[in-house]
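Here are the chains, one letter per residue:
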Amino acid sequence: AISPKADKLEMAYKSDEWQAEPKMDGSRYIAQVIDGKVFLTSRRESVKGGMVDKTANVPWIIKELCLLANCTLDGEIDNRAGRDFHRVQGIMGSLPEKAIDKQTGDPLVYKVFDILSIGDLDLRTSPLHIRRKYLENIIKDFKYIILVEPIFGEANKRKAFSEAIEAGMEGVILKNKNSLYVEDKKPCNTWYKVKLCNTYEGVVVGYKEGEGKYKGMLGTLTISQYKDDVLTEVAEISGMTDAQRVEFKDRIDKGDLNWVVEFKAQEPEGANCRYRHPRFVRE
């Protein structure tokens, strides 16, 4: 999903052609059910190549998915009750035995919001409201598979966003009910991500070299803030222009440090109080 401009956001809130869904804070996975077998994989390839298979990390979810007819689902592995991205990431990033142990008494669930196929029928070119009907027909009375409920009506959509923020969640996704399923890229003008970001200031204490197109250049600025009078690293920020990357790298290489930049991010969380999704705004 993309973050919309204000006028497009207002249109999506007011139009009956658009629905809202809570923006979850888990890990997105594709579930393929093929003749009673399930493959739970990442949506994109890992840096080492190939999709990451985490089927063995959540056996109770897999057991319920095995009961479905052949289909391909899209959703997020998440905590049942609320937001704890670091816990989900830690579990799904572990080896199966450790992952299962970490879920004792509080297993993760699969929150499903889309379907790509059922049987031999490819649904990716069907509008969202049609795909939704297929989902409602197959996701029923499960304990560990949860169907994400859409929200309609301007007042309800705005209320859902406010309640999500108050509950410490990221926000909502606004989706056009006629949108098609888009793979390998962000849906443009049919899915809008609406979340709360605040602006912060931090001190530049260094940088990390970039990779790929930024190899040999500045990749991210290392940012610190004072915590109990101690300068503490809180973020690695990107979002600079190529010209800024050259300028900032040159300055830091010459020993020019401890200058202040402004950045946007979601509020800090976790034991290290690091910011999530930080982006450079200006110096």
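Residues numbered from 1 in each chain as written. Predicted model: local features only at pLDDT ≥ 70, side-chain atom pairs only at ≥ 80, totals over all residues. Heavy atoms only, no water.

Engineer: Looking at this structure, how should I read the pairing of strand β13 (residues 230-237)?
Structural biologist: With seven bridges joining them, strand β12 (residues 218-227) and β13 adopt antiparallel strand pairing. Opposite L221, over in β13, you have I237 as the bridge partner. Taking the residues that link successive antiparallel strands as the turn, the β12-β13 hairpin has two residues, and the phi of D228 there is positive, at about 55°. (Pairing = 2+ DSSP bridges. Helix = DSSP H or I, 4+ residues; strand = E, 2+ residues; numbered from the N terminus.)

Engineer: Mind showing me how you'd approach helix α6 (residues 154-166) here?
Structural biologist: Every α-helix winds through 3.6 residues per turn, so residues three or four apart in the chain are directed the same way. Helix length check: α6, at 13 residues, gives a terminal C-alpha distance of 19 Å against a target of 18 Å (1.5 Å per residue), a fit within 8%. Of all the residues in α6, the buried ones are K157, A160, F161 and A164. Seen from one end, α6 has its buried residues packed into an arc of 95°, which puts them on one side. Exposed side of α6, more than 90 degrees from the buried face: A155 and E166 are the residues found there. Turning to α6, the residues buried within the fold contact α1 (6-14), β1 (18-23), β9 (171-176) and β10 (191-195). (Expected span 1.5 Å × (residues − 1). Buried < 20%, exposed > 50% of the residue type's maximum accessible area, 1.4 Å probe, protein only. Arc of directions from axis to C-beta. Contact = heavy atoms within 4.5 Å.)

Engineer: Even after reading the chapter, I still don't get the sheet that holds β9, so can you show me in this structure?
Structural biologist: Pairing between the strands of a sheet is mediated by backbone hydrogen bonds and can be parallel or antiparallel. With respect to topology, three strands assemble into an open sheet ordered β1-β9-β10, the strand pairing being antiparallel. If you trace the sheet from one side to the other, it starts and ends with β1 and β10, each paired once. The sheet shows a mean angle of 25° between the axes of neighbouring strands, direction not considered. The sheet strands contacting α1 are β1, β9 and β10, and the helix crosses β10 at an angle near 105°. (Axes fitted to C-alpha atoms, helices over the stretch in contact; angles between N-to-C directions.)

Engineer: I'm lost on the nonpolar core in this one. Help?
Structural biologist: Across soluble globular proteins, nonpolar side chains have a tendency to be buried as a group. Grouped together as the largest cluster of nonpolar side chains are 30 residues, with contacts concentrated most on L65, L73 and Y110. Among the elements of the structure, β2 (27-34), β3 (37-45), α2 (59-65), β5 (71-78), α3 (85-92), β6 (109-118), α5 (128-138) and β8 (145-147) are those that each provide at least two residues to this core. Counting 17 residues, the second largest nonpolar core, distinct from the first, contains M240, I252, F263 and A265. (Core = buried A, V, L, I, M, F, W, Y, C linked by side-chain atoms within 4.5 Å.)

Engineer: For this particular structure, what's the right way to read the packing of α1 against α6?
Structural biologist: How two helices pack is summed up by the angle between their axes together with the distance between the axes. Two elements in contact, α1 and α6, have axes whose closest approach is 7 Å; the angle formed by their N-to-C orientations is 120°. Comparing their axes, α6 and α1 come out oblique. Here E10, A12, Y13 and K14 of α1 come into contact with α6, specifically with E154, K157, R158 and F161. (Parallel < 35°, antiparallel > 145°, perpendicular 65-115°, else oblique.)

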